[in-house]
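Single-letter residue listing:
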Amino acid sequence: MSDDQTPADSKLTTSKRRWAAEGKFLTGRISRPEAERLPPGQHLVKNWPVLDLGQQPVISTETWRLDVRGLVETTRTLTWADFQAIEQSTGLSDIHCVTTWSRYDNKWKGVSTRDLLDLAMPKPEAAYVMLTSYDGYTTNLPLADFAAEDAILATAWEGLPLTPEHGGPMRLVVPHLYFWKSAKWLRRIELMPADQAGFWEKNGYHIHGDPWREQRYSDD
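Along each chain, residues carry numbers from 1 onward, in the same order as the chain's sequence is written. Where totals are concerned, whole chains, interfaces and linings use all residues; where local detail is concerned, this predicted model gives features only for residues with pLDDT of at least 70, and gives and counts side-chain atom pairs only at 80 or more. Think of the side-chain values as coming from all heavy atoms in the structure, minus any hydrogens and water.

Novice: Mind showing me how you'd approach the overall build of the protein here?
Specialist: In DSSP terms, a helix is any run of H or I states spanning at least four residues, a strand is any run of E spanning at least two, and both are numbered starting from the N terminus. Looking only at helices and strands, the protein features five helices and eleven strands. For the protein, with 220 residues in total, the buried portion stands at 46%. It only takes one pair of heavy atoms within 4.5 Å for two residues to be counted as in contact. When contacts within the protein are restricted to residue pairs at least 6 apart in sequence, long-range pairs at least 24 apart make up 70% of them. In this description, accessible areas are obtained by the Shrake-Rupley approach with a 1.4 Å probe, and a residue is regarded as covered only by the protein chains that are shown. A total of about 11000 Å² of accessible surface is found on the protein, and carbon and sulfur atoms cover 51% of it. For the exposure calls, accessible area comes from a 1.4 Å probe over protein chains only, and a residue counts as buried if that area is under 20% of its type's maximum, exposed if over 50%, partly exposed in between.

Novice: Is there a simple way to think about the environment of K107 in this case?
Specialist: Positionally, K107 belongs in strand β5 (residues 101-112). Here the alpha-carbon distance between K107 and G91, two residues 16 residues apart in the chain, equals 5.8 Å. Leave out the neighbours within four places in its chain, and K107 touches G91, L92, A156, W157 and E158.

Novice: Looking at this structure, how should I read the sheet that holds strand β3 (residues 76-79)?
Specialist: In a beta sheet, neighbouring strands are held together by backbone hydrogen bonds and run either parallel or antiparallel to one another. For two strands to be treated as a pair, DSSP must find no fewer than two bridges joining them. Strands sit in the order β3-β2-β11-β6-β7 across an open sheet of five strands; the sheet is mixed. What marks the edges here is a single partner per strand, and that holds for β3 and β7 (138-142). When strand polarity is set aside, the average angle formed by the axes of neighbouring strands in this sheet is 15°. Lines are fitted to the C-alpha atoms to define the axes, a helix being fitted only along its stretch in contact, and any angle between axes, read from their N-to-C directions, falls within 0 to 180 degrees.

Novice: Would you mind showing me how to read unusual backbone geometry here?
Specialist: Leaving glycine aside, a negative phi is the common case for residues, and trans is the common case for peptide bonds. The amide bond that connects G168 to the next residue, P169, takes the cis arrangement and shows omega of 15°. For P169, the position within the fold is in the loop between β9 (160-161) and β10 (171-173). With a phi close to 60°, M121 is a non-glycine residue in the positive phi region. Summarising the element assignment, M121 is placed in the loop between α3 (113-120) and β6 (128-133). Positive phi, close to 45°, is recorded for W185, a residue that is not glycine.

Novice: Would you mind going over the side chain of T113 with me for this structure?
Specialist: Relative to the assigned elements, T113 resides in helix α3. Other than its neighbours up to four places away in sequence, T113 contacts F146, A147, A148, A151, I152, L153 and L172.

Novice: When you look at the nonpolar core in this model, what are you seeing that I'm missing?
Specialist: For soluble globular proteins, nonpolar side chains are generally found buried alongside one another. What makes a nonpolar core is a set of buried Ala, Val, Leu, Ile, Met, Phe, Trp, Tyr and Cys residues whose side-chain atoms join them at distances within 4.5 Å. With 38 residues, the main nonpolar core has L66 and I189 as its most contacted residues. Secondary structure elements with two or more residues in this core: β2 (65-70), α2 (80-85), α3, β6, α4 (143-146) and β11 (186-192). V45, I95, L162 and F179 belong to the second largest nonpolar core, which has eleven residues in total.

Novice: Which parts of the structure should I look at to understand the pattern of salt bridges?
Specialist: As a working rule, side chains carrying opposite charge can pair if their charged atoms are close by. By salt bridge we mean one thing: a side-chain nitrogen of Lys or Arg within 4 Å of a carboxyl oxygen of Asp or Glu. Taken as a whole and assessed by the stated rule, the structure comprises six salt bridges. Measuring nitrogen to oxygen at the nearest pair gives 2.7 Å for the salt bridge that ties D94 to R37. Here the residue D94 occupies a position in strand β4 (residues 89-96), and R37 occupies one in the loop between α1 (11-22) and β1 (43-44), the gap between them amounting to 57 residues. Pair check on accessibility: D94 and R37 agree, each one buried. The shortest N-O distance in the salt bridge between E201 and K181 comes to 2.7 Å. Here E201 is found in helix α5 (residues 199-202), whereas its partner K181 is found in the loop between β10 and β11, with 20 residues between them in sequence. Relative accessible area serves as the criterion here: at 8%, E201 is assigned to the buried category. Judged by its relative accessible area of 0%, K181 is buried.

Novice: Even after reading the chapter, I still don't get the confidence of the model for the protein, so can you show me in this structure?
Specialist: One rule of thumb: low pLDDT means the predicted coordinates there are not for detailed reading. Values of pLDDT, which run from 0 to 100, indicate the predictor's confidence residue by residue. Here the protein averages 89 in pLDDT, and 84% of its residues register 70 or above. pLDDT under 50 marks residues 1-9. Its contacts with residues more than four places away, or in other chains, come to three contacts.

Novice: How should the pairing of β5 be read in this particular structure?
Specialist: Every regular strand shows the same layout, with side chains that alternate between the two sheet faces. Of all twelve residues in β5, nine are buried; the element is thus mostly enclosed. Alignment of β1 against β5, held across two bridges, turns out to be parallel. Considered in β5, the bridge of L44 is made with S102. Bridge count for β4 against β5 is seven bridges, and the pairing is antiparallel. Within β5, the residue paired with S89 across the bridge is G110. What sits between β4 and β5 in their antiparallel hairpin is a turn of four residues, with T100 showing a positive phi close to 90°. For β5 and strand β8 (residues 152-157), the ladder comprises five bridges, and the chain directions are antiparallel. Opposite S112, over in β8, you have I152 as the bridge partner.

Next up, the structure:
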């Protein structure tokens, strides 16, 4: 192909242009100055506290599967080998837990949520995502938040494989929301037309969870 020739459109490039035109993945977030880096009510920690529902499933990479379903053009069930074959990304981000701790500059490696969505291709009516973990945990978020530029399906932290206590072999990381939205031990991603409450959202937590608005609980 010569330099002045343009490759024919694929379903993928067409879909990406449609998402961009619709502003589908725009979250309205802006860069924050250092003075505003720490959300209100938070304190910094150097360690990484462990929080879960009382059990930490141990999932081998041989048996691990990730289902992507719902309002997508291509339903997928990925093995670990399938997941590793997707373009790998790295990221650096802060994390903020609703229990008031924050940790700066976490180094991640994994698959960008946008790259995963490129494989499944959300349908135009897809607007929300329900996440389900291997321990039965669920949490919901808008598709635009799931597909944020710095959101990543992480398999490594600080250069090492993600440990089971922190959600390994793979967890979601959505840095601009409280960390309960970043489901550990992720098993299923379902795209939906309307919002539905997940585990903590049914038990008094805010439906969205923006740390800078202190959206901790349902009446915030």
